[in-house]
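The chain contents come next:
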Amino acid sequence: MNRRDKHNYYLDMADVARERGTCLRRNYGAVIVKNDVIVSTGYVGAPRGRANCIDLGTCIRQKMGIPRGERYEFCRSVHAEANAIIHASREQMLGATLYLVGREASTGELIPDANSCTMCKRMIINAGIAQVIIRRDMDTYDIIDVQQWVDHDELLAGEMGY
């Protein structure tokens, strides 16, 4: 019997959290883990008390033809990473790992190039999360050192003169 490795185990948990997502385009699930303890989970959904896109039967971004990764201000939802961060204390997140899985809402297929948006990356950095692990297919994943995002932003800022 082959035992599931820990990264894929936590990615499976993120995939289960994703099943609660309410986006008509793409649904993500996130799990924050520290010292082999699940600290928090999150999925894509409208803020508490607001109607979800699946309840409304429409997505404004989809209706407007907005491409993936652009104009998030039109989105009704809070991203999975943000929801997971909101539900954990900073102490629990310092040095933790965030596991992330994304799937297309219409087909259920994994999003092979899934990644956190710019705003979620800022929240992950600010939360003190050390690494993000993103599922690419059912058995493979990328491990991202969050410090790379910080360094990349600093490099860009230097190139732009601020």
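Fair warning: this is a prediction, and the values are worked out from it, not measured in the lab. Counting of residues starts from 1 at the beginning of each chain's written sequence and follows it residue by residue. pLDDT decides what is reported in this predicted model: residues at 70 or higher carry local features, side-chain atom pairs at 80 or more are listed and counted, and totals for whole chains, interfaces and linings draw on all residues regardless. Processing note: side-chain calculations cover all non-hydrogen atoms of the structure and skip hydrogens and water entirely.

K.L.:
Go over the packing of aromatic side chains, please, and point to the residues and values.
P.N.:
Ring pairs are drawn from Phe, Tyr and Trp, using the six-membered ring of Trp, whenever the two centres fall within 6.5 Å, and their geometry is named by plane angle: stacked under 30 degrees, edge-to-face over 60, tilted for the rest. Inspection of every chain in the model, using the stated rule, returns two aromatic pairs. When the centroid spacing of 5.2 Å and the interplanar angle of 40° are considered together, the rings of Tyr 10 and Tyr 99 count as tilted. Here the residue Tyr 10 occupies a position in helix α1 (residues 6-18), and Tyr 99 occupies one in strand β3 (residues 97-104), the gap between them amounting to 89 residues. For every residue, the accessible area (1.4 Å probe, protein chains only) is compared with the maximum for its type, and the residue is labelled buried under 20%, exposed over 50%, or partly exposed between those bounds. Overall, the relative accessible area of 4% leaves Tyr 99 in the buried class. Numbering of helices and strands runs from the N terminus, with a helix taken as a DSSP run of H or I at least four residues long and a strand as a DSSP run of E at least two residues long.

K.L.:
Got a sec to walk through the UniProt feature "binding site: Zn(2+)" (unreviewed entry) in the protein chain? Specific residues and values, please.
P.N.:
UniProt positions are given in the numbering used here, feature names are shortened, and annotations may be inferred rather than shown by experiment. According to UniProt, the positions carrying the feature "binding site: Zn(2+)" (unreviewed entry) are His 79, Cys 117 and Cys 120. Taken along the chain, the residues just named run across 42 residues; in space they keep tight, none of their C-alpha pairs more than 8.9 Å apart. Tracing the backbone shows Cys 117 in the loop between β3 and α6 (118-127). The contact criterion used throughout is that any non-hydrogen atoms of two residues lie within 4.5 Å. Residues contacting Cys 117, with those up to four places away along its chain left out, are Tyr 72, His 79 and Glu 81. Structurally, Cys 120 can be placed in helix α6. We classify Cys 120 as buried; its relative accessible area is 2%. Look past the residues within four positions of Cys 120 in its chain and what remains in contact with it is His 79, Glu 81 and Ala 82.

K.L.:
Tell me about the side chain of Asp 15, and name the residues and values.
P.N.:
The residue Asp 15 is located in helix α1 in this model. Take Asp 15: its relative accessible area is 9%, and that puts it in the buried class. At 2.6 Å, the side chain of Asp 15 and the side chain of Arg 18 are in polar contact. Here Arg 103 takes part through its side chain, which lies 2.8 Å from a polar atom of the side chain of Asp 15. Excluding anything up to four places from it in sequence, Asp 15 contacts Val 101, Arg 103 and Arg 135. Whenever two N or O atoms come within 3.5 Å, that pair is a polar contact, provided that in protein one can donate a hydrogen and the other can accept it, and provided that, for residues adjacent in sequence, both atoms are side-chain atoms.

K.L.:
Outline unusual backbone geometry, supporting the account with residue identities and numerical values.
P.N.:
At Asn 35, a position not held by glycine, the phi torsion is positive, near 50°. Inspection of the secondary structure assignment puts Asn 35 in the loop between β1 (26-34) and β2 (37-43). Overall, Asn 35 belongs to the exposed group, its relative accessible area being 69%. The backbone of Asp 36 shows a phi angle near 60°, a positive value even though the residue is not glycine. Relative to the assigned elements, Asp 36 resides in the loop between β1 and β2. The partly exposed category is assigned to Asp 36, whose relative accessible area is 43%.

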